[in-house]
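Structure at a glance
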Amino acid sequence: MPKMKTKRGAAKRFKATGTGKVKRSKAYTSHILTKKSTKRKRNLRKSGLVDSSSMAAVKRMVPYM
């Protein structure tokens, strides 16, 4: 059986935590920042966790995480 290939775009976006959860960065931070409040932009800097319903898809894209 050959090795499975990792989706490189997904590998750059997700990191595994020590407990096996998957960390992600938040969206809507790249442009059109003038109309967003300072509080909203500050909260977007924090990382989030991948939801349990999306976990199977992430594990398929990054099999060796």
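Right, let's walk through the structure included here. Quantities reported herein were computed from a predicted structural model and do not represent experimental measurements.

What follows concerns the overall build of the protein. Secondary structure assignment for the protein yields three helices and three strands. Beginning at the N terminus, the succession of helices and strands in the protein can be written as α-β-β-α-β-α. For 65 residues, the compact-globule formula gives about 11 Å, and the C-alpha radius of gyration of the protein, at 15 Å, lies well above that figure. For the protein, the C-alpha atoms occupy an extent of roughly 50 × 25 × 20 Å along the three principal directions. Pairs at least 24 residues apart make up 60% of the contacts formed inside the protein by residues separated by at least 6 positions. Accessible surface, the protein as shown: approximately 5,700 Å² in total, 55% of it carbon and sulfur.

On to unusual backbone geometry, then. Even without being glycine, Tyr28 reaches a positive phi, approximately 70°. The topology assignment puts Tyr28 in the loop between strand E2 (22–24) and helix H2 (38–44).

Strand order in the open sheet formed by three strands is E1-E2-E3, and the pairing between neighbours is antiparallel. Edge positions in the open sheet fall to strand E1 (14–16) and strand E3 (48–49), since each of these has one partner strand only.

So, about the nonpolar core. Core analysis: the biggest nonpolar cluster contains seven residues, these being Ala10, Phe14, Val22, Val50, Met55, Val58 and Val62. Apart from the residues within four sequence positions on either side, Val62 is in contact with Thr6, Ala10 and Ala11.

The residue Lys36 is located in the loop between E2 and H2 in this model. Remark: the alpha-carbon pair of Lys36 and Met55, spanning 19 residues in sequence, is separated by 29 Å. A distance of 3.4 Å separates a polar side-chain atom of Lys36 from the backbone oxygen of His31. Side-chain polar atoms of Lys36 contact the backbone oxygen of Ile32, separated by 3.5 Å.

Cut-offs applied
- Residues numbered from 1 in each chain as written.
- Predicted model: local features only at pLDDT ≥ 70, side-chain atom pairs only at ≥ 80, totals over all residues.
- Heavy atoms only, no water.
- Helix = DSSP H or I, 4+ residues; strand = E, 2+ residues; numbered from the N terminus.
- Rg over C-alpha atoms; globule rule 2.2 N^0.38 Å.
- Contact = heavy atoms within 4.5 Å.
- Areas by Shrake-Rupley, 256 points an atom, 1.4 Å probe, with all protein chains shown as cover.
- Pairing = 2+ DSSP bridges.
- Core = buried A, V, L, I, M, F, W, Y, C linked by side-chain atoms within 4.5 Å.
- Buried < 20%, exposed > 50% of the residue type's maximum accessible area, 1.4 Å probe, protein only.
- Polar contact = N/O pair within 3.5 Å; in protein donor to acceptor, adjacent residues only side chain to side chain.

What is shown is where atoms sit, not what they do.
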